[in-house]
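# Residue-level structure breakdown
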2 protein chains.
Amino acid sequence: MITGKNYIGNRLSALGNKTYRTFNPKLNIENEHTFIEASQDEIDEAAALAAEAFKTFRTISGDRKATFLRAIADGILDLGDALIDTYCSETGLPKGRAEGERGRTVFQLRTFADLVEEGSWVEASIDTALPDRTPMPKPDLRKMSIPIGPIVVFGASNFPLAYSTAGGDTAAALAAGCPVIVKSHPMHAGTGELVASAVVKAAKDTGMPNGVFSNLNSSGIEVGQQLVQHPEVKGVGFTGSIRGGRALYDLAAQRDEPIPVFAEMGSINPVVLLPRGLKKDKDKWAATYANSITLGTGQFCTNPGLLLGIKGDDLDEFVQKLADEIIKIEPSCMLHPNIVGAYEKNKSKALEQPALSVVADYDGGVAENHARQALTTVDGASFLNNPTLHQEVFGPFSMVVQCKDVKELETVISKLEGQLTGTLIATDDEVKEHRSLMEALQNRVGRIIFNGVPTGVEVCPSMTHGGPYPASTDSRFTAVGIHSIKRWVRPFSFQDWPNGLLPDELKNENPLGIGRLVNGEWTHAKIR
Amino acid sequence: MITGKNYIGNRLSALGNKTYRTFNPKLNIENEHTFIEASQDEIDEAAALAAEAFKTFRTISGDRKATFLRAIADGILDLGDALIDTYCSETGLPKGRAEGERGRTVFQLRTFADLVEEGSWVEASIDTALPDRTPMPKPDLRKMSIPIGPIVVFGASNFPLAYSTAGGDTAAALAAGCPVIVKSHPMHAGTGELVASAVVKAAKDTGMPNGVFSNLNSSGIEVGQQLVQHPEVKGVGFTGSIRGGRALYDLAAQRDEPIPVFAEMGSINPVVLLPRGLKKDKDKWAATYANSITLGTGQFCTNPGLLLGIKGDDLDEFVQKLADEIIKIEPSCMLHPNIVGAYEKNKSKALEQPALSVVADYDGGVAENHARQALTTVDGASFLNNPTLHQEVFGPFSMVVQCKDVKELETVISKLEGQLTGTLIATDDEVKEHRSLMEALQNRVGRIIFNGVPTGVEVCPSMTHGGPYPASTDSRFTAVGIHSIKRWVRPFSFQDWPNGLLPDELKNENPLGIGRLVNGEWTHAKIR
């Protein structure tokens, strides 16, 4: 049941004066529930509870954390159609997408449960003492990852489940042993509250400390700002725009005690079309990219907004086919009138650039809040000279840069801002021939795809979802996959600690049976 | 031979107008060589060369990087007494310390050589494709760590070798595949140039690209500021004061493209004395701590500046013994007149606090630039209410906080800023009895020592040298040990990449024979 209230730890609370509603973009009407924005007192209380909960939660066993995470996953499924219906009414996205994203969210929670239950993720490292070493004895040193403290997670507009309330950031933080305070996204506050109710129920049912999770409503930027500046908050997870992410990063960096912000932000996900690779499968790539560009109304962070090719008949032919395919696709609904508005505005701004040619611009009638897809072209020199063209147009919009030769193509790549992904359409031989172009592309992105599309972020250990700024605020971490837990932990060493007083992960007898680096060797063995 | 010039890549250069000399604090005279500060043009050239060198250095094999690192180590040893003499003349430290630090520096370089030669450090992770998975095929994903780009390393005043020119930050960055630009520390520019000459010679001899290493002289803060703001610089390593480290952190955070700064800064390294542990070995701990507090004239970052105990006869007796031991120690020379000056000033500022009682203050005559050690006491309530007393007095100064009970002791601990280390003098039973105090202490530090001293930072995989702010700017990394390489790398994923075109680390046949996570299992095996 949606109450419109905040969860301050396990308690529903609504002390604030500011209220708002979510919006159904498909029906173009406000949804029924009224949400009450968290007050300063509620923010303080959630932070104090999180700090108190951290004292015990930070050392709760992997088994117990796994039970908690699995209970959240089960609870989300138990919400049934109420969750799916709320999701659809707050996003305009179809039921299949809602169910798919729910499946991914549950999978992520269960994956982290498996990870902490197994236990090796703490990267235990043990160097035993050498008391007879000269000139100085070597002490016994044992290291493992420990949680950094309460984390604030910002819900993402475009993924109400997988990147929001109990999404990847939250699952990773809880798995690490960090309490979580969610800054609920105003566009899907109802979805958020339902998921939050499942997390709170799971926390209670599995005996987690009160305050391990809170969910705060917000209609503007104030609640998020206050949370990031709160002294009890020790880290921030964010998925959204460059402007939003950078603002939070700046606030966190200006604190007396700066804290890490992992913000996954904008990306135009360049696709490099090398001539022979393109020539081989023009029709296939045209159809595939028409779908990738318009998938989810272009609202994926890995949407291919930029195609880079070499001028010539093959590229012209491909562009024409792609235009034909794109124009055939039925426009779909965006998440919110504000997002459609921003899309139309940014698209217009791009189309105003004299160097840009429009090759496809859907001009049929569309329902309210539906986005008209567009495909444009520009020559390499103009692209290089016009920073406006480097900016993301969030939505089903793509630009083909027609470079005069491989050298210009490489220059274009090296001048791009950091990106989540780079894709290469090429033959094997072309990759071998253009080594420096490959290096340049790798240097700008977090993930490189060969003869495919960037949309679709597989949740697995080998995924990197991140990249050089502004794809993320810290390229040294990933937002997806088990290693995303590293954002919320720090190494900690015990020196000459009595064996019986060490955490289980570091005891000689290795009671958890985890993999450890012992005197430089990776092993599951005990220490005699 | 010392020329006083900068190394811009492999070339000696001296275009600037600003000159300075280093100082021999023992003789209280300037040293003979004149150093020419790097000009803006030289900074730009070093950065451009580093960016160019990165294009090839980033993919040079582990074997070749190992050869380079070992050549640096050999070259440093080949400098022989010229290096040791210069070191001593620029620091006032004794020859034994110089040789010990050289040994550590060489050990660090060789340790990183072994690490990259073996190769598993890249944390390779492979998830093979499942083309038949429904509803979507699973792509092939392969991830490994790659270098982030040119790194600026700031030399540390207190460790001219181990934390400076070719110290831990440089060794880790070069091992990662990142070119390094050193901002030489003005107090030991001659030592820096000699070591730089060994690095440049090693780079040439082993065929590394020009620009993989530069060494820039500086007398003030401008060269460092310009480097941190330079667009081609992608990361910063710093060891020094909170003021200096924070200033660089702020500059880096304010860039258009923010970059990571790992600054290891101040720490007062609290030592918690629990009653029964203290009672057992009062004499031993008094002698041990008198030595630890005055070791290297208190100029170690892990110097124990704060002892926390419970009021009572045992603590009083220990304090008296410690005072007796400390006063016996012969004062020694500090690194530079400025450092002695800062020590005397900060000590006076502390001694002016009315709540502070002096129990030992060396008042014998001392030679120029020698520091008079001091020991003081204060009650817990006064310490809690006076932030001045929480500040580091860099040098042989320590304060004993006499808490009225365990509860107040825990409050004191929880109010401390972040620290590199925390030490516990206790019996096993006391650790078990005071679990929440242990948690509080762990939460403030990067390393916890049982019945020992914090001075002495063992270089091994299980060491954490870092901690919550302001011990470091990012507690998620360590400055010492092989895992310090993680500061300079980022995860990178290849999706559906042809096996033959992958880096060796990710190929099916595992030609390097490294340990990898393959479909969730850690293995050295090939993939069939």
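Being a predicted model, the structure only gives us computed values, none of them experimental.

Turning our attention to the interface of chain A and chain B. Accessible area lost on assembly of the parts is the figure often given for the size of an interface. Each partner contributes to the interface: chain A provides 71 residues, whereas chain B provides 71 residues. Of all residues in chain A, S462, R476 and W497 of chain A give up the largest surface area on contact with chain B, accounting jointly for 12% of the area buried on that side. At the surface where chain A touches chain B, the tally comes to eight salt bridges. Here E458 of chain B makes a salt bridge to R133 of chain A, at a shortest N to O gap of 2.7 Å. Between chain A and chain B we count 44 residue pairs in polar contact (both at pLDDT 80 or more) in total. Sorting the residues of the side of chain A that touches chain B by element identifies α1 (40–57), β7 (125–127), β8 (141–147), α8 (242–253), α15 (428–433), α16 (435–442), β20 (445–450) and β21 (489–495) of chain A as the ones contributing at least two each. A breakdown of the residues in the side of chain A that touches chain B according to their chemical character gives 33 nonpolar, 13 polar and 25 charged. Summarising the sheet, β21 of chain A and strand β18 (residues 445–450) of chain B pair through three bridges and their orientation is parallel. Its bridge partner being in β18 of chain B, Q495 of chain A is matched across the sheet by I449 of chain B.

We now examine the domain arrangement of chain A. All names here are of chain A. Segmentation of chain A into domains returns domain 1 (6–119 + 133–265 + 478–487) and domain 2 (270–450). Relative to domain 2, the C-alpha centre of domain 1 lies at a distance of 33 Å. Contact residues are listed per partner, giving 14 residues for domain 1 and 13 residues for domain 2. In total, domain 1 and domain 2 occlude about 1,300 Å² of area from one another, counting both sides; carbon and sulfur atoms represent 66% of this. Of all residues in domain 1, the largest losses of buried area upon contact with domain 2 belong to P25, N158 and M187, amounting jointly to 33% of the total for that side. In this assembly, domain 1 and domain 2 are joined by zero salt bridges. Taken together, the links from domain 1 to domain 2 amount to three residue pairs in polar contact (both at pLDDT 80 or more). In terms of residue class, the side of domain 1 that touches domain 2 is built from five nonpolar, five polar and four charged.

A separate point is the packing of aromatic side chains. One pass over the structure, following the stated rule, counts 20 aromatic pairs over all chains. Arranged with centres 6.3 Å apart and planes meeting at 85 degrees, the rings of F57 of chain A and F68 of chain A form a pair that is edge-to-face. Taken as a pair, F57 of chain A in helix α1 and F68 of chain A in helix α2 (residues 62–78) lie far apart in primary sequence, eleven residues in all. Per residue, the accessibility class of F57 of chain A equals that of F68 of chain A, and both read buried. In this structure an aromatic cluster arises from ring pairing among F450 of chain A together with F492, F494 and W497 of chain B. Residue placement shows R97 of chain A over the ring face of F159 of chain A; its charged tip is 4.5 Å from the ring centre. Its guanidinium or amino end placed over the ring of F262 of chain B, R487 of chain B lies 5.1 Å from that ring's centre, counting from NZ or CZ.

Inspection of the entire model under this criterion finds two cavities of 30 Å³ or more. As a volume, the largest cavity reaches approximately 100 Å³. As for the largest cavity, its lining consists of 14 residues, and the residues nearest its centre are I268, G305, E392, V393 and F397 of chain B. Of the pockets and cavities examined, the second largest cavity occupies roughly 30 Å³. Forming the boundary of the second largest cavity are Q108, F112, G168, V459, A479, V480, G481 and S484 of chain A.

Rotating chain A by 180 degrees about the axis while translating it 0.0 Å along that axis superimposes it on chain B, leaving an RMSD of 0.0 Å. What we have between these two chains is a two-fold relation. Closest approach to the rotation axis among the C-alpha atoms of chain A is made by A253 of chain A, whose C-alpha sits 3.3 Å away. Of all interface residues in chain A, 100% are interface residues in chain B too; the two copies therefore contact each other through one and the same surface.

What follows concerns the sheet that holds strand β19 (residues 489–495) of chain B. Taken in spatial order, the twelve strands of this open sheet run β16(A)-β17(A)-β18(A)-β15(A)-β14(A)-β19(A)-β20(A)-β19(B)-β6(B)-β5(B)-β20(B)-β21(B), and their pairing is mixed. With one partner strand each, in any of the chains shown, β16 (357–361) of chain A together with β21 (521–523) of chain B form the two edges of the open sheet. Pairwise comparison of adjacent strand axes, ignoring direction, gives a mean angle of 20 degrees for this sheet. Judged from the two bridges that link them, strand β5 (residues 125–127) of chain B and strand β20 (residues 516–518) of chain B form a sheet pairing that is parallel. Paired with S125 of chain B across the strands is L517 of chain B, a residue of β20 of chain B.

If you walk through the whole model with that rule in mind, you get 62 salt bridges over all chains. For R246 of chain B, the salt bridge is made with D250 of chain B, and the minimal N-O distance between the two is 3.0 Å. A residue pair is termed a helical-turn pair when its members lie 3 or 4 positions apart in one helix, as R246 of chain B and D250 of chain B do in helix α8 (residues 242–253) at four residues. You can call R246 of chain B buried: its relative accessible area is 14%. In this structure D250 of chain B comes out as partly exposed when scored by relative accessible area, which is 24%. One connected set of salt bridges, linked through shared partners, spans E123 and K486 of chain A together with E123 and K486 of chain B.

Turning next to the pairing of β20 of chain A. Residues and elements named next belong to chain A. Summarising burial for β20: six of the six residues are buried, a large majority. Summarising the sheet, strand β19 (residues 419–425) and β20 pair through five bridges and their orientation is parallel. By the bridge assignment for β20, T421 is matched with R447.

The next point concerns helix α7 (residues 222–229) of chain B. Residue and element names in this part refer to chain B. Inspection of α7 places V223, G224, L227 and V228 among the buried residues, and these make up the whole buried set. Along the long axis of α7, the arc covered by the buried residues comes to 130 degrees, so they all point the same way. Summarising the contacts, the buried residues of α7 are in contact with α1 (40–57), β7 (151–154), β8 (180–183), β9 (213–216), β10 (235–239) and α8.

Once that is clear, we can look at the sheet that holds strand β15 (residues 374–379) of chain B. Read from one edge of the open sheet, twelve strands run β23(A)-β22(A)-β7(A)-β8(A)-β21(A)-β18(B)-β17(B)-β12(B)-β13(B)-β16(B)-β15(B)-β14(B), paired in mixed fashion. Lying at the two open borders of the sheet, with one neighbouring strand each, are β23 (521–523) of chain A together with β14 (357–361) of chain B. Between one strand axis and the next, the sheet turns by 20 degrees as a mean value, whatever way the strands run. Pairing of β14 of chain B with β15 of chain B, which is carried by four bridges, proceeds in the antiparallel orientation. Of the residues in β15 of chain B, the one forming a bridge with V358 of chain B is T376 of chain B. Sitting on the sheet, helix α16 (residues 435–442) of chain B touches β21 of chain A together with β12 (270–273), β17 (419–425) and β18 of chain B, and the angle it makes with β18 of chain B is about 135 degrees.

Rules of the game
- Counting from 1, residues in each chain are numbered in the order their sequence is written.
- The order in which chains are written sets their letters, starting at A; the order in which ligands are written sets their numbers, starting at 1.
- In keeping with the model being predicted, local features are shown solely for residues with a pLDDT of at least 70 and side-chain atom pairs are shown and tallied solely at 80 or more, while totals for entire chains, interfaces and linings include all residues.
- For side-chain calculations, the full set of non-hydrogen atoms in the structure is used, while hydrogens and water are omitted.
- Only heavy atoms enter the contact rule, under which two residues are in contact if any of them lie within 4.5 Å.
- Values labelled buried area give the accessible surface lost by two parts on being combined, using a 1.4 Å probe and summing over both.
- Each salt bridge in this description consists of a side-chain nitrogen of Lys or Arg and a carboxyl oxygen of Asp or Glu lying within 4 Å of one another.
- The definition of a polar contact used here is a pair of N or O atoms within 3.5 Å, where within protein one atom must be able to donate a hydrogen and the other to accept one, and adjacent residues in sequence count solely through side-chain atom pairs.
- The helix count covers DSSP runs of H or I at least four residues long, the strand count covers runs of E at least two residues long, and both are numbered beginning at the N terminus.
- In this classification, Asp, Glu, Lys and Arg are treated as charged, Ala, Val, Leu, Ile, Met, Phe, Trp, Tyr, Cys and Pro as nonpolar, and every other residue, Gly included, as polar.
- In this analysis, strands are considered paired if DSSP registers two or more bridges between them.
- For every domain, the bounds stem from an assignment made automatically or drawn from a database.
- Stacked, edge-to-face and tilted are the three classes for Phe, Tyr and Trp ring pairs, Trp counted by its six-membered ring, which pair at centre distances within 6.5 Å; planes under 30 degrees apart are stacked, over 60 edge-to-face, the rest tilted.
- Residue exposure (1.4 Å probe, protein chains only): buried if accessible area is under 20% of the type maximum, exposed if over 50%, otherwise partly exposed.
- Charge-over-ring placement is defined geometrically: NZ (Lys) or CZ (Arg) within 6 Å of the ring centre, and within 35 degrees of the ring normal.
- Think of a 1 Å grid over the protein atoms and nothing else: a 1.4 Å probe that fits but is trapped marks a cavity, an open set flanked by protein within 12 Å on at least five of seven lines marks a pocket, and residues with an atom within 4 Å of a point count as lining.
- Grid points are joined across faces, edges and corners, and a volume is the space filled by probe spheres set on the points.
- Here the copies are superposed with least squares, the fitted atoms being C-alpha atoms of residues at a pLDDT of at least 70 in both.
- Inter-axis angles, ranging from 0 to 180 degrees, are taken between N-to-C directions of lines fitted to C-alpha atoms, where helices are fitted over the stretch in contact.
- What the arc covers is the set of directions going from the helix axis to the C-beta atoms.

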